Amino acid sequence: MIEETGSPMSSDDPYRMAAMDAKMLQDRILTAAGRAVDVSDGHAVAQALADALLAVVQDYLARTSNEYDVELFLEVNGRKPESITSWPVNIIAGLSLRRIPTADRHAICESAVQIAARRLRSTSGS
């Protein structure tokens, strides 16, 4: 579902695609985390995904870029926005806007799903 580069897109498309990707990733997190996870507030999974993405992307940028790129990423994405559900969408859209290679975006998202599911399972006590 992660959007491929090279296709003509309007400036809004990276966010639309990121929203679809974030929804798919959150569904995968819920499946992996199991039924014991309380999702009644609707924000726990988005928060877990955003936290995991922050960690994974920061690690990725530290390995592939420089300290200034990591600082810029954290400055732009590091603070929790008012709308928690938009947080992972913004981070995922930022990966496309930064022109992170598709294979790397897939790997980043896969790692984030695993981390978020583990964290949700551990906080739910299962």
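Here the structure is a predicted model, which means the values were calculated and not measured. (Residues numbered from 1 in each chain as written. Predicted model: local features only at pLDDT ≥ 70, side-chain atom pairs only at ≥ 80, totals over all residues. Heavy atoms only, no water.)

1. Points about the nonpolar core
We apply this condition: Only buried Ala, Val, Leu, Ile, Met, Phe, Trp, Tyr and Cys residues count toward a nonpolar core, and they belong to the same one when joined by side-chain atoms within 4.5 Å. Relative accessible area decides the class of each residue, using a 1.4 Å probe on protein chains only: under 20% of the type maximum gives buried, over 50% gives exposed, and in between gives partly exposed. Helical segments are the DSSP runs of H or I of at least four residues, strand segments are the runs of E of at least two, and each set is numbered from the N terminus.
Counting residues in each nonpolar core, the largest one holds 34 residues, and the members touching the most others are Ile 29, Leu 53, Val 57, Ile 91, Ile 108 and Leu 120. Looking at this core, the elements that each hand over two or more residues are helix H1 (13-33), helix H2 (44-64), helix H3 (67-77), helix H4 (86-97) and helix H5 (102-124). By residue number, the principal contributor to this core is H2, which donates 11 residues.

2. Some points on the packing of H2 against H4
What counts is decided by this rule: What counts as an axis is a line fitted to C-alpha atoms, over the stretch in contact for a helix, and the angles between N-to-C directions run from 0 to 180 degrees. In this scheme the handedness of a crossing depends on how the near helix is turned from the far one: anticlockwise by less than a right angle means left-handed, clockwise means right-handed. Two residues form a contact once any of their heavy atoms are found within 4.5 Å. The classification used treats Ala, Val, Leu, Ile, Met, Phe, Trp, Tyr, Cys and Pro as nonpolar, Asp, Glu, Lys and Arg as charged, and all other residues, Gly among them, as polar.
The interhelical angle for the contact between H2 and H4, taken along N-to-C directions, is 30°, at an axis separation of 8 Å. The two elements H2 and H4 cross, and the hand of that crossing is left-handed. Between H2, through Ala 46, Gln 47, Leu 49, Ala 50, Asp 51, Leu 53, Leu 54 and Val 57, and H4, the contact on the second element is made entirely by Trp 87, Pro 88, Ile 91, Ile 92 and Leu 95. Taken together, the residues of the contact of H2 with H4 break down into 11 nonpolar, 1 polar and 1 charged.

3. Focus: the confidence of the model for the protein
Heads up, the condition is: A residue's pLDDT is the predictor's confidence in that residue, given on a scale from 0 to 100.
Of all residues in the protein, 84% attain a pLDDT of 70 or more, and the chain-wide mean is 86. The lowest-confidence element of the protein is H3, averaging 89 in pLDDT; the highest-confidence one is H2, averaging 94.

4. Focus on the side chain of Gln 47
Relative to the elements of secondary structure, Gln 47 occurs in helix H2. The exposure class of Gln 47 is buried, given its relative accessible area of 19%. Residues in contact with Gln 47, not counting those within four places in the same chain, are Lys 80, Ile 84 and Trp 87.

5. What to know about the pattern of salt bridges
Stated precisely, the cut-off is as follows: Note on definitions: salt bridges are taken to be side-chain nitrogens of Lys or Arg within 4 Å of carboxyl oxygens of Asp or Glu.
This model, assessed by the stated rule, comprises 5 salt bridges. The residue Asp 13 makes a salt bridge to Arg 16 at a minimum N-O spacing of 3.2 Å. Here Asp 13 pairs with Arg 16, and both are found in helix H1, just 3 residues apart, close to one helical turn. The class of Asp 13 is buried, set by a relative accessible area of 17%. For Arg 16, a relative accessible area of 45% corresponds to the partly exposed category. Across the salt bridge formed by Arg 28 and Glu 110, the nearest N and O atoms sit 2.6 Å from each other. Here Arg 28, found in helix H1, pairs with Glu 110, found in helix H5; they are 82 residues apart in sequence, far enough to count as distant.

6. Observations concerning unusual backbone geometry
Unusually for a residue other than glycine, Arg 99 sits at a positive phi of about 60°. Residue Arg 99 is classed as exposed on the basis of its relative accessible area, which comes to 71%.

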